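# Chains, contacts and geometry: an overview
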Amino acid sequence: MNTTPSGTYDYLIVGAGFAGSVLAERLATQLDKRVLVIDRRPHIAGNAFDHYNEEGVWVHRYGPHIFHTNAQRIVDYLSQFTEWRPYEHRVLAQVKDQQVPMPINLTTLNMLYGLTLDAEQGAAFLASRAEPVDDIRTSEDVVVSQVGRELYETFFQGYTRKQWGLDPSELDKSVTARVPTRTNTDDRYFTDAFQIMPRDGYTAMFEKLLDHPNITVALGVDFAEMRERVDYRHLIYTGPIDEYFDYQLGKLPYRCLRFQHETLDQEVFQPVGVVNYPSEDVPYTRITEYKYLTGQQHPKTSVTYEFPTDQGDPYYPIPRPENAELYRRYRALADATPDVTFLGRLGSYRYYNMDQVVGQALATFEHLAEAHAADAVASPVESRAS
């Protein structure tokens, strides 16, 4: 992995996270293109960056990243750069004096209400509490129509207010539609066919992704600075799309996170990798203990408290109709900008999972490869990146 930019590049890629790194690898290895990848942070891997802290405990700097997908092709692609360890993510929610499985399942209901329901009775119990909603538009509508107001207020209302800084009645239905309700005892957070973690970590996987003589990586540099220093033919931009256009239409709203990392002189802190805290009386949304995710054996453990905020690095696009409309206007500007490709969470203003970002990057590469092939046919003597 080269680190000193020089000469002319076929592609300048802004962002060394999943979108940028996957595209860099494909362009370098499949099209023999010369690629410069830059990132304003001092490390690769974007928000998936993991490392050993001062006490030697393996942590995720930007909160838990759990890989899950139903796409065999995504697993096959990433398997070129990592071995895997199986990991099924489990989450508990702290409700008063007990911790119950989340998403809501049969065990959750039986613990909360002191019942012994079976699957059929659990379904009937939820149906009896569900409140009909004629037009499901908001996150509140989704949950209330499925499980009723009491469970909505217990698990979703306070958590969502903390997470988004908005009441669920103000958020698009897509937010809570991501969290299922079950009437069996499956306590896994995800049900995807593939639930795995990079055996040596995300950062090690990214190092292999970017390990090619055609790829140069420059860290701790800003796009505004680098664009004046190097020559390139095509730009791949995975940063915030509104920032690229100098916020000329206004800022796209994001929810940010503040992380409080603590290392404890004990082997285990909590019974699962993540415990949610839905109550608005608790200022943080969840606590993550990383040893469950990494499988590391260590006499100490490290945990992270997450505090959502309006200030800091952008993490979550806020799904409201007016924000989607503002993004559409920026998207029109992007479509009219030649030789620039926008992708990734920030470039697309979409809440993508990691596998979805990889899929988007691979699809973008196919498009660029087709354009390059067509360009080569049109200009066989001297083709240019397209």
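Residues numbered from 1 in each chain as written. Predicted model: local features only at pLDDT ≥ 70, side-chain atom pairs only at ≥ 80, totals over all residues. Heavy atoms only, no water.

## Quick look at the overall build of the protein
Each helix and strand counted, the protein has 14 helices and 17 strands in total. At 23 Å, the protein has a C-alpha radius of gyration in line with the 21 Å of a compact globule built from 386 residues. The C-alpha extent of the protein, read off along each of the three principal axes, is 75 × 55 × 35 Å. In the protein, once contacts between residues fewer than 6 apart in sequence are set aside, the share between residues at least 24 apart is 72%. Carbon and sulfur atoms form 46% of the exposed surface of the protein, whose accessible area is close to 17600 Å². Taken together, the 37 basic and 54 acidic charged side chains of the protein have centroids lying 1 Å from each other. (Helix = DSSP H or I, 4+ residues; strand = E, 2+ residues; numbered from the N terminus. Rg over C-alpha atoms; globule rule 2.2 N^0.38 Å. Contact = heavy atoms within 4.5 Å. Areas by Shrake-Rupley, 256 points an atom, 1.4 Å probe, with all protein chains shown as cover. Lys, Arg positive; Asp, Glu negative; His and termini not counted. Charge placed at Lys NZ, Arg CZ, Asp CG, Glu CD.)

## A short note on helix α8 (residues 202–209)
Every buried residue of α8 is listed here: Tyr-202, Thr-203, Met-205, Phe-206 and Leu-209. Buried residues of α8, viewed axially, fall in a sector of 160 degrees; they line one side. (Buried < 20%, exposed > 50% of the residue type's maximum accessible area, 1.4 Å probe, protein only. Arc of directions from axis to C-beta.)

## Considering the pattern of salt bridges
In total, this model carries 23 salt bridges according to the counting rule given. Close ionic contact of Arg-149 with Glu-131 constitutes a salt bridge, the shortest N to O distance being 3.9 Å. One end of the pair, Arg-149, is in helix α6 (residues 149–164); the other, Glu-131, is in the loop between α4 (119–129) and α5 (139–147), and 18 residues separate them in sequence. Residue classification places Arg-149 among the partly exposed positions, given a relative accessible area of 32%. On the basis of relative accessibility, which here comes to 31%, the residue Glu-131 falls in the partly exposed class. (Salt bridge = Lys/Arg side-chain N within 4 Å of Asp/Glu carboxyl O.)

## So, the packing of helix α3 (residues 106–113) against α6
With their axes 13 Å apart at the nearest point, α3 and α6 run at an angle of 100 degrees to one another. Here α6 runs roughly perpendicular to α3, going by the angle between their axes. Contacts between α3 and α6 pair Thr-108, Leu-109, Leu-112 and Tyr-113 from the former with Glu-150, Leu-151 and Phe-155 from the latter. A per-class count over the contact of α3 with α6 returns 5 nonpolar, 1 polar and 1 charged. (Axes fitted to C-alpha atoms, helices over the stretch in contact; angles between N-to-C directions. Parallel < 35°, antiparallel > 145°, perpendicular 65-115°, else oblique. Nonpolar A, V, L, I, M, F, W, Y, C, P; charged D, E, K, R; others polar.)

## Description of the sheet that holds strand β17 (residues 340–342)
Spatially, the 5 strands line up as an open sheet ordered β10-β2-β1-β11-β17, and their pairing is parallel. Lying at the two open borders of the sheet, with one neighbouring strand each, are β10 (215–219) and β17. With strand direction ignored, the average angle separating the axes of adjacent strands in the sheet is 20 degrees. (Pairing = 2+ DSSP bridges.)

## Focus: the packing of helix α1 (residues 18–30) against helix α14 (residues 354–378)
At a minimum axis distance of 8 Å, the contact between α1 and α14 shows a crossing angle of 35 degrees. Crossing hand, α1 versus α14: right-handed. From α1, Phe-18, Ala-19, Val-22, Leu-23, Arg-26, Leu-27 and Gln-30 reach across to α14, where they touch Met-354, Val-357, Val-358, Ala-361, Leu-362, Thr-364, Phe-365 and Leu-368. When grouped by side-chain class, the residues that make up the contact of α1 with α14 number 12 nonpolar, 2 polar and 1 charged. (Left-handed = near helix turned anticlockwise from the far one by under 90°.)

## Topic: the sheet that holds strand β9 (residues 194–198)
Read from one edge to the other, the open sheet built from 3 strands follows the order β5-β9-β6, with strand pairing classed as antiparallel. One side of each edge strand has no neighbouring strand; the edge strands of this open sheet are β5 (67–69) and β6 (84–86). Taken over all neighbouring pairs, the strand axes of this sheet differ in orientation by 40 degrees on average, direction set aside. The pairing of β6 with β9 spans 3 bridges and is antiparallel. For Arg-85, the partnering residue across the bridge sits in β9 and is Met-197.

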